Amino acid sequence: MEFFLVQSLNGISYGLLLFMLSSGLTLVFSLMGVLNFAHASFYMVGAYLAFQVSSKIGFWPALVVAPLLVGALGMLVERYGLRQVHKHGHVAELLFTFGLAYLLEEAVHLIWGRSAVEYRVPAELDGPLFQIMGSQYPIYRGFMMLVSVAMLVSIWLALTRTRIGLVIQAALSHPQTVEALGHNVPRVFMLVFGGGAALAGLAGVIGGNAFVTEPGMAAAVGPIIFVIVVVGGMGSLAGAFIASLLIGCMQTFAVSLDWSLAGIKVSQIAPVLPYLLMVLLLIFRPKGLMGTREG
């Protein structure tokens, strides 16, 4: 019972971190139709910027400053890069973001080196939150969950209860009408892309010290993000949320179990399980769990 409770909480916290990371990619795709291959790189940049800012003025300012800086970088990328290749179609967009991912990784190598940096959990969040039958659950895991849920509620309220949210949704399906009403559609798209990058940066701030901040972190988590977006349904925020929790719990339990199947331990095949889930889902439900459009 203790094992199940602890691993469930670990799986939920990891799944919520994955959702924080995949939500930005889902929003950008659903509102702009752009599948951003460099999204995980914004996550990496967010972690490194948080390390740099926290080493100077502390973790709490970094929690605000780093996502804003990553969001500003995302807006610059959309305004002076992605917007220029948009007219050439989705293939050009994919190639552009694919190349951007390599450029951001090399920039990290040049500035911070190729080794992991000492980005640690702040002292005030380093300790037990509560105890479950002898096992202590860390405060920082609870903090990760709290920030993820707050971000989910904020996105939902912004898109459904505010004027800018309605403008953003209308700009996707009826851009000419929205422009005729006096709204700057290209600027709306720039803000959306910057917001998606900022969400990835926030995930980097939260996840960088919970795991490891090093140049390979984008490549490690990047494929999982796309699995979540596909499994949840291309462009579905609710689907991405469900898929994130499902994959987070699946991997957490698989890594912890000592069961064997045909002489192979479940923990050995844990990294493959999300991709197996994606393949099966594409066979039996190509649009994903809650998808309404095909990517």
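What counts and what doesn't
Residues numbered from 1 in each chain as written. Predicted model: local features only at pLDDT ≥ 70, side-chain atom pairs only at ≥ 80, totals over all residues. Heavy atoms only, no water. Helix = DSSP H or I, 4+ residues; strand = E, 2+ residues; numbered from the N terminus. Expected span 1.5 Å × (residues − 1). Buried < 20%, exposed > 50% of the residue type's maximum accessible area, 1.4 Å probe, protein only. Polar contact = N/O pair within 3.5 Å; in protein donor to acceptor, adjacent residues only side chain to side chain. Phe/Tyr/Trp six-rings, centres within 6.5 Å; stacked < 30°, edge-to-face > 60°. Lys NZ or Arg CZ within 6 Å of the ring centre and 35° of its normal. Contact = heavy atoms within 4.5 Å. Salt bridge = Lys/Arg side-chain N within 4 Å of Asp/Glu carboxyl O.

A. Main features of helix α10 (residues 237-256). Compared with the 28 Å implied by 1.5 Å per residue over 20 residues, the 29 Å span of α10 between its first and last C-alpha is a close match. Every buried residue of α10 is listed here: L237, G239, A240, A243, S244, I247, G248, Q251, T252, F253 and A254. Between a side-chain oxygen at the N-terminus of α10 and the backbone nitrogen of G239 the separation is 2.9 Å; the capping residue is S236.

B. Region of the structure containing the packing of aromatic side chains. Taken as a whole and assessed by the stated rule, the structure comprises 12 aromatic pairs. Centre to centre, the rings of F98 and Y102 are 5.4 Å apart; their planes meet at 65 degrees, and the pair counts as edge-to-face. In this pair, F98 and Y102 are both assigned in helix α4 (residues 90-112), four residues apart and thus about one turn of the helix distant. Among the aromatic residues, those joined into a cluster by ring pairs are F37, F98, Y102 and F226. Note that R79 overlies the ring of Y80, its terminal NZ or CZ placed 5.0 Å from the centroid.

C. Here's a closer look at the side chain of N36. Secondary-structure assignment places N36 in the loop between α1 (2-32) and α2 (39-57). Engagement of the side chain of N36 in a polar contact is seen with the backbone nitrogen of A38, the distance being 2.9 Å. With residues near it in sequence (within four places) discarded, N36 still touches L25, F42, T97, F193 and F226.

D. Representation of the environment of L276. Structurally, L276 is set in helix α12 (residues 273-284). In this structure L276 comes out as partly exposed when scored by relative accessible area, which is 45%.

E. Main features of the pattern of salt bridges. Counting across every chain of the model gives two salt bridges. Here R83 makes a salt bridge to E78, at a shortest N to O gap of 3.1 Å. By relative accessible area, which is 27% here, R83 ends up partly exposed.

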